[in-house]
Amino acid sequence: ELLIGALAEAQKRYPIKIHAFTALSNHWHLLATYKDPKEMADFHRHFQGNLSIEVRSLHGWTGGTVFPKRYRHVELSEEPEIELKRLKYVLAQGCKEGLVASPLDWPGASSTEALISDRPLTGRWVDRTAFSRALARGKKVTEAEFTEELGLRLAPVPSLAHLSSRECRRVITDQVRQIEEEAAAAHAE
């Protein structure tokens, strides 16, 4: 919820197109379209900074960094086949490592279910700045008073943008089935 909330808050500030994402225990993958490199850098700085604050708060960590390295981006090819391979790679996280049999089984934050069901994806955003200011002023407040549910908007990858929502879900469902078949074959081997 917190990762999706941090993504949604960053998307609110920097209106990028998020196509897919999966978060694992020590890294995350995001397939997105940005209008320019500055927007990409600003989005990632905002997202990772806020996610770091949430992770530290959740675990009671002080000091240090949650993300020791800067994000690494790979340009999204305009070739439909390559674009769909990148999408499949993001969807396959957890399966390709042999941790789950289906992307739908992944217990962490992921866009897979939302992409194939067309259900909204929501997360929890805590306005820690406002919360801290209220506490500093001596107000008796709770974190819940500064918490809101935010929706994350997903957009089809550019090569699927011309399709209807239903056709898009069918393409992604086919990719999920392929991932499941590949995972089953690897497991059997």
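Quick summary incoming for the structure in this document. (Residues numbered from 1 in each chain as written. Predicted model: local features only at pLDDT ≥ 70, side-chain atom pairs only at ≥ 80, totals over all residues. Heavy atoms only, no water.)

### So, the pattern of salt bridges
Worth spelling out the cut-off: Here a salt bridge means any side-chain nitrogen of Lys or Arg lying within 4 Å of a carboxyl oxygen belonging to Asp or Glu. Starting at the N terminus, helices and strands are each numbered in turn, a helix being any DSSP run of H or I of at least four residues and a strand any DSSP run of E of at least two.
Applying the stated criterion across every chain yields a total of 11 salt bridges. With a closest N to O distance of 2.8 Å, Arg128 and Glu143 form a salt bridge. Note that Arg128 is positioned in helix 5 (residues 128-136) and Glu143 in the loop between helix 5 and strand 4 (147-152), a separation of 15 residues in sequence. A single network of salt bridges, built from pairs that share partners, joins Lys38, Asp42 and Arg45.

### Let's talk about the packing of aromatic side chains
This is how the line gets drawn: Pairing of aromatic side chains here covers Phe, Tyr and the six-membered ring of Trp, requires ring centres within 6.5 Å, and sorts the geometry by plane angle: under 30 degrees stacked, over 60 edge-to-face, intermediate tilted. Relative accessibility decides the category of a residue: with a 1.4 Å probe and only protein chains considered, values under 20% of the type maximum give buried, values over 50% give exposed, and everything between is partly exposed.
Applying the stated criterion across every chain, the model contains 4 aromatic pairs. Taking the centre distance of 6.3 Å and the plane angle of 15 degrees together, the rings of Phe43 and Phe47 count as stacked. Taken together, the residues span about one helical turn, with Phe43 and Phe47 both in helix 2 (residues 37-59) at a distance of 4 residues. The same class applies to Phe43 and to Phe47, which are both buried. A connected cluster of aromatic rings, assembled from ring pairs, spans Trp28, Tyr34, Phe43 and Phe47.

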